[in-house]
Amino acid sequence: MESELKSAAIPSPFLTRHRLRWLGCIFIIVLFGLGFSPESRGQGQYSFRNWQSEDGLPVNLVRSIVQAADGHLWIATAECIARFDGVEFERIDQIPGFPYPHSGDNRLFATAGGSVWFSSSQGGLLRIKGNKPSVIWPDTGGEPVSQVVDFPGGGILVKAGNQICLFQDQQIKRLDSPSPEVVACLEADLAERAKKGRIGPDGLPGNLVDRSGSVWSVSRAGELTVTSPEGFRRVISMLRISPDSHVTELLEDREGNIWIATALNGLGLFREDRVEVVNAAAGLSEGAVLAVIEDTGKQVWLGNRRGGVDRIITGIIEHHDLGTAAGVGQVSALYEDRDGRLWAASTEGPVFRWKDSQFIEHFAAEAGPTKVNAIYHDGRGTLWFGGQLGLMRSTGRRVTEVKAEAGFPGGEVTVMSGGAANELWLGTSQGFVLKDTDGRLETIATPGDLHYSRVSGILVTSATQVWVTTMGAGLFLHDGEKWHHFDRARGLPDLRLTQVVDDRLGHLWFGSTGGILRASREDLLARAKDADKPIHWLRMDRSDGLPTRECVGGHHPAGWRFNDGSIWFPTSLGVVRIDPSRTMVNRTPPPVYLRGVTANGVPQALSDKKLNFGPGRARIEFRYHGINFSSPEKVNYRTRLVGLEESWRDVGTQRLATYESVPPGNYRFEVVAINGDGLLSPAPASVRIAISPHFWETAWFVAQAIILMVLVAGAVGWLIARSRLKRRISLLKVRNTRELERARIARDLHDELGASLTEIALLADLGAEQAEGSAYQKQLDELSNKARMLGLTLDEIVWAVNPREDTLASLLDYLASFATEFLDRAGITLRMNIATGMPDLPLDATVRHSVFLAVREAFNNIVKHSEARSAWLHVSLSNNILDITVEDDGKGVDDYALSRGHGLTNFKVRMQACGGESSVTCRAEGGTRVRFLVPVLAPESQPT
């Protein structure tokens, strides 16, 4: 649970409104006289938090508190000892044989090295280091330990009653005659304790002098007071804390927070606010402030939700309504022009001007601008009015509308501001940014440049630095040439920005729906040039004193820098003031620690050594926390598991990182914390882990498996190769047998049948000579011719069957010989063109015979049908395609013969048998061209 209390008193609800106004005025006078003066320290208000048993505190009776060297807060309650990191309480288990005293003066001490010491009221002493307690002195009912001090000479001095001991090297040595150095060390510790709020001899905590010099003291009646260095004393009351709470101890931590331990109401924390609040309780007519401005007379004007304006002058608050007409709506704009005139506009009504201590309408109702969001007076004397109905300008009483021909794209004008040369800059709800150049508007940003977001603020610091805030897309910078975008990826905590203000101290301040933000202008400019440059964002919210984290936007101006350097932002619960020159920034980096590691649901003991998990993939959870007591809810974390991910991962405020199914290997988990002021941990918390693999995932198993697979693959490959070789040998044997048989058949045909045909031809010739003049001579001559023709046919068959002729060279030689002899008998001249360098490729007998028959058919057609006088034979080889072309100069062939001729059909059949193709065309010069394309094997692809 968390509660907040401001040091300013809140008027009782039973007071009359008149008395409430007077109290508010008195508050404002005090506020301006003390809190807002440049000489005042800080912001002058405190926020209070309280932790009780329902918030995780073991018990509400807190006896002692101390901060260890590692940053943790240790609490001794009536029930146990607990460690606190700002969010969670962690109990320390009791040690057997050391009963925890539930009553009495139990105290905590902290020494260098991270040790925390617990002194019981019965004289016992525990040392807690790394969450592990160990007994130094047993609880024997003796004098309780009153001091535990680091001794400069080495070791720890322990004093109980009049007894002084030195704890060194895990041993205790009693000092019966302490040296002057020991006595001086103990006396210096007593003096220091008296200024740190520790318990004194009278049973009350001593005064606490904080780092700013303010003194915190507790009276016997339990009253807590704070006295400033200037002597201003005030009583601090605490929500949820009863007046008789009995404060037992005070403590200032390293961040400057003040802790109180109470005997009845738990643990409390005071933090000085970074902001001051002026609200309805202080006398404002309405808590919801929409616009704020300071005029040249140093009067403060606040526009509110109910359509009125509050003026603060010399500490007095005055309320003024806008005119007398009803239905003007909320105050949408406040503006002081160059002539010192104050203007006010409303969301539903006209424009008003301050005159004679009241607001009056300046323009006639039918001619003046209405529903205005922003007003600007340029250096030429022109008044500009922008709002829901567009843009208008006025010179004197004359008002004209600015249209598209003047460069205005239309739509609602949301904000107007002055440039480096007092020129007009304006933004629209669509996302346009326009600049007035000699009476014409120049478009600087289109909606696409600003991600189609509503412009909420424009700040022109130079010609090359134009800052634009938007409601939804974050911050933009125009450097004179292009736009640079700052969003969540660049650390911007909130994208809905309401205004931007320059504090002229090197920082830009932003109102947002998530609080008030601050960033160094130098960081922003550096990031625009280098994407790796960091930006430290300071974010203020309720933990810093804001009444609400949401600043009001949509009205103008939604933020203002006053003449004294302070910056004001309106909210729905009042207006807040910040003094940039005195804004305290937490300069203490948040240390970060690992709380635990869980692997596959089993908690693991943390150690400096490597944690071993497995075998097999593991689900790992890492629990961690960073220490920042000022605003623990703002602590963000970045994590990475080196070995699985190399870049940092932003996890927000999540204090648990989970990795699913992490494979076997060696890893290192790292986490860093970032506090609300943008400071990172001085060093990441890390732990090394190793996940062992299953035996089948180990390197030796994988290596052996690979070797086995290689051996098996080799054996299988050898078997396959051997099988293929056997099959190939078998095929070669069959082929050789077939070729031997073909050779035998060719030999037998040539030797027996050829010889017999030759013999028959010779006998026929001899018989014809003997039968010359007889009736048998003609028959014998025919028999002789038939025998010779059969001999030629037999030679062709022998050539086709003989395996020794299965080559391309044999085919070409036989074709040339046949064509020459065949055409010579027909009286036709043959011209051959056979390409040189033809390789002697092997040809299958079927291919060789089919090609020969097709070519012979072509020459036969020439002799029988063409009536040609000449014929040509062309042979070439390209890309493993044998190209044979037969031409003649005869009468050609008509289309009918091409489609119906049986001889031409035979060409296609024979070519299909050898995988080739044929074509028959007419020559342009006359005659016929027959072309055969036959694929042949390349030399390197021939089987061996």
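1. Describing the overall build of the protein
And then number 1: Within the protein one finds nine helices and 62 strands.
And then number 2: Counting over 944 residues, the protein shows a buried share of 49%.
And then number 3: Contacts spanning at least 24 positions in sequence make up 55% of the contacts within the protein whose residues lie at least 6 apart.

2. Topic: the pattern of salt bridges
And then number 1: As enumerated under the stated definition, the model contains 44 salt bridges in all.
And then number 2: In this structure, D677 and R274 form a salt bridge, with 2.5 Å as the shortest nitrogen-oxygen distance. On the criterion of sequence distance, the pair formed by D677 in the loop between β56 (665-674) and β57 (685-691) and R274 in the loop between β20 (267-272) and β21 (276-278) is long-range, its members being 403 residues apart.
And then number 3: A relative accessible area of 9% means that D677 is categorised as buried.
And then number 4: Ionic pairing is found between R490 and D487, a salt bridge with its closest N-O pair at 3.5 Å.

3. Overview of the sheet that holds strand β47 (residues 567-571)
And then number 1: Pairing is antiparallel in the open sheet, where four strands are placed in the order β21-β48-β47-β46. Looking at strand neighbours, the two that pair on one side only are β21 and β46 (560-561), the edges of this open sheet.
And then number 2: Where β21 and strand β48 (residues 574-578) come together, three bridges link them in antiparallel fashion. Within the sheet, the bridge partner assigned to E276 lies in β48 and is R577.

4. A look at a nonpolar patch on the surface
And then number 1: The grouping of L708, V712, V716 and I720 at the surface amounts to a nonpolar patch, some 340 Å² of accessible area in total.
And then number 2: For I720, the location among the structural elements is in helix α4 (residues 699-770).
And then number 3: You can call I720 partly exposed: its relative accessible area is 42%.

5. So, helix α7 (residues 845-866)
And then number 1: The end-to-end C-alpha distance of α7 is 30 Å, a good match for the 32 Å that 22 residues give at a rise of 1.5 Å each.
And then number 2: Positive backbone phi, approximately 55°, marks E867, located one or two places after α7.

6. Focus on the pairing of strand β38 (residues 455-462)
And then number 1: With six of eight residues buried, β38 lies mostly within the body of the structure.
And then number 2: Across six bridges, β38 lies against strand β39 (residues 465-470) in antiparallel orientation. Considered in β39, the bridge of V455 is made with T470.
And then number 3: Taking the residues that link successive antiparallel strands as the turn, the β38-β39 hairpin has two residues.

7. Observations regarding the packing of aromatic side chains
And then number 1: Here the structure, examined in full by the defined rule, presents 32 aromatic pairs.
And then number 2: Considering the side-chain rings of F48 and F270, the 4.7 Å spacing of their centres and the 40° angle between planes classify their relative orientation as tilted. Of this pair, F48 sits in strand β1 (residues 46-51) while F270 sits in strand β20, and the two are 222 residues apart along the sequence.
And then number 3: Judged by centre distance (3.9 Å) and plane angle (5°), the ring pair of F622 and F669 falls under stacked. Note that F622 is positioned in strand β52 (residues 618-626) and F669 in strand β56, a separation of 47 residues in sequence.
And then number 4: The exposure class assigned to F622 is buried, which follows from its relative accessible area of 0%.

8. Details of the nonpolar core
And then number 1: L811, V851, V855, F859, L882, I884 and F932 are the most contacted members of the largest nonpolar core, which totals 38 residues.
And then number 2: Elements represented by at least two residues in this core include exactly α6 (808-826), α7, β59 (870-878), β60 (881-888), α9 (902-913) and β62 (928-935).
And then number 3: No other element matches the nine residues that α7 contributes to this core.

9. Structural notes on the environment of A489
And then number 1: Among the structural elements, A489 can be located in the loop between β41 (483-486) and β42 (497-502).
And then number 2: Residues A489 and D650 lie 161 residues apart in sequence; the distance between their C-alpha atoms is 9.9 Å.

10. Brief notes about the side chain of H320
And then number 1: Positionally, H320 belongs in strand β25 (residues 316-321).
And then number 2: A distance of 3.2 Å separates polar atoms of two side chains, one belonging to H320 and the other to E318.
And then number 3: When near neighbours in sequence (up to four residues on either side) are disregarded, H320 contacts G308, V309, R311, W354, S357 and F359.

11. Let's talk about the sheet that holds strand β49 (residues 592-599)
And then number 1: Within the open sheet, the four strands sit side by side as β50-β49-β52-β55. Their pairing is antiparallel. A single partner strand is all that each edge strand has here, and the edge strands are β50 (602-604) and β55 (656-662). Between one strand axis and the next, the sheet turns through 25° on average, direction left out of account.
And then number 2: Two elements, β49 and β50, share three bridges in a ladder whose sense is antiparallel. Bridge assignment links V597 to a residue of β50, and that residue is Q604.

12. Overview of unusual backbone geometry
And then number 1: A cis geometry characterises the amide bond from H556 onward to P557, with omega recorded as 0°.
And then number 2: Take P557: it is sitting in the loop between β45 (538-540) and β46.
And then number 3: Cis geometry marks the peptide bond from G614 to P615, where omega comes out at 5°.
And then number 4: Note that P615 resides in the loop between β51 (611-613) and β52.
And then number 5: Positive phi, close to 65°, is recorded for K298, a residue that is not glycine.

13. Focus: the side chain of T469
And then number 1: Note on placement: T469 falls in strand β39.
And then number 2: If we ignore the near neighbours within four places in the chain, the residues touching T469 are R454, V455, S456, G457, G474, L475, L497, T498, Q499, V500 and F510.

14. As for empty space enclosed by the protein
And then number 1: One pass over the full model with this rule turns up four cavities of 30 Å³ or more.
And then number 2: When grouped by side-chain class, the residues that make up the lining of the largest cavity number eight nonpolar, one polar and one charged.

15. With respect to the pairing of β60
And then number 1: Burial analysis of β60 places seven of its eight residues in the buried class, which makes it a mostly covered element.
And then number 2: In terms of strand pairing, β59 meets β60 through eight bridges, oriented antiparallel. The residue of β60 that forms the bridge with S876 is D883.
And then number 3: The antiparallel pairing of β59 with β60 creates a hairpin that spans two residues between the two strands, and N879 there sits at a positive phi of about 55°.

16. A closer look at α6
And then number 1: The terminal C-alpha atoms of α6 lie 27 Å apart, and with 19 residues this matches the ideal 27 Å at 1.5 Å per residue to within 8%.
And then number 2: L808, S810, L811, L812, L815, A816, F818, A819, F822 and L823 are the residues of α6 that are buried.
And then number 3: Backbone geometry just downstream of α6 places G827 in the positive-phi region, at approximately 75°.

17. What about the packing of α6 against α7?
And then number 1: Look at α6 against α7: their axes get within 11 Å of each other, and the N-to-C directions meet at 20°. Viewed along their axes, α6 and α7 adopt a mutual orientation that is roughly parallel. Seen from above, α6 lies across α7 with right-handed handedness. Contacts from L811, Y814, L815, F818, A819, F822, L823 and A826 in α6 reach R848, V851, F852, V855, R856, F859, N860 and V863 in α7.
And then number 2: A class-by-class count of the residues in the contact of α6 with α7 yields 13 nonpolar, one polar and two charged.

18. Overview of the confidence of the model for the protein
And then number 1: Overall, the predicted model of the protein reaches an average pLDDT of 84, with 87% of residues at or above 70.
And then number 2: Note that pLDDT drops below 50 for residues 1-43; the model gives that stretch 91 contacts with residues more than four away or on any other chain.
And then number 3: Contacts from residues 939-944, a stretch scored under 50 in pLDDT, to residues over four places away or in other chains number eight contacts.

19. Here's the deal with the environment of G616
And then number 1: Here G616 shows up in the loop between β51 and β52.
And then number 2: Other than its neighbours up to four places away in sequence, G616 contacts P664, I691, S692, P693, H694 and E697.

20. Here's the deal with the environment of R440
And then number 1: Structurally, R440 is set in strand β37 (residues 440-445).
And then number 2: What makes R440 partly exposed here is its relative accessible area of 44%.
And then number 3: Each C-alpha atom, one on R440 and one on V402, is 9.5 Å from the other, the two residues being 38 residues apart in sequence.
And then number 4: Non-local contacts of R440, meaning those with residues more than four positions away in its chain, are made with E405, A406, G407 and K435.
And then number 5: Here E405 takes part through its backbone oxygen, which lies 2.3 Å from a polar atom of the side chain of R440.

What counts, and at which threshold
- Residues numbered from 1 in each chain as written.
- Predicted model: local features only at pLDDT ≥ 70, side-chain atom pairs only at ≥ 80, totals over all residues.
- Heavy atoms only, no water.
- Helix = DSSP H or I, 4+ residues; strand = E, 2+ residues; numbered from the N terminus.
- Buried < 20%, exposed > 50% of the residue type's maximum accessible area, 1.4 Å probe, protein only.
- Contact = heavy atoms within 4.5 Å.
- Salt bridge = Lys/Arg side-chain N within 4 Å of Asp/Glu carboxyl O.
- Pairing = 2+ DSSP bridges.
- Patch = residues over 30% accessible without salt bridge, like charges linked within 9 Å, V, L, I, M, F, W, Y side chains within 5 Å.
- Areas by Shrake-Rupley, 256 points an atom, 1.4 Å probe, with all protein chains shown as cover.
- Expected span 1.5 Å × (residues − 1).
- Phe/Tyr/Trp six-rings, centres within 6.5 Å; stacked < 30°, edge-to-face > 60°.
- Core = buried A, V, L, I, M, F, W, Y, C linked by side-chain atoms within 4.5 Å.
- Polar contact = N/O pair within 3.5 Å; in protein donor to acceptor, adjacent residues only side chain to side chain.
- Axes fitted to C-alpha atoms, helices over the stretch in contact; angles between N-to-C directions.
- 1 Å grid on protein atoms, 1.4 Å probe; cavity = no way out; pocket = protein on both sides within 12 Å on 5 of 7 lines; lining within 4 Å.
- Points joined across faces, edges and corners; volume = space filled by probe spheres on them.
- Nonpolar A, V, L, I, M, F, W, Y, C, P; charged D, E, K, R; others polar.
- Parallel < 35°, antiparallel > 145°, perpendicular 65-115°, else oblique.
- Left-handed = near helix turned anticlockwise from the far one by under 90°.
- pLDDT = per-residue confidence, 0-100.

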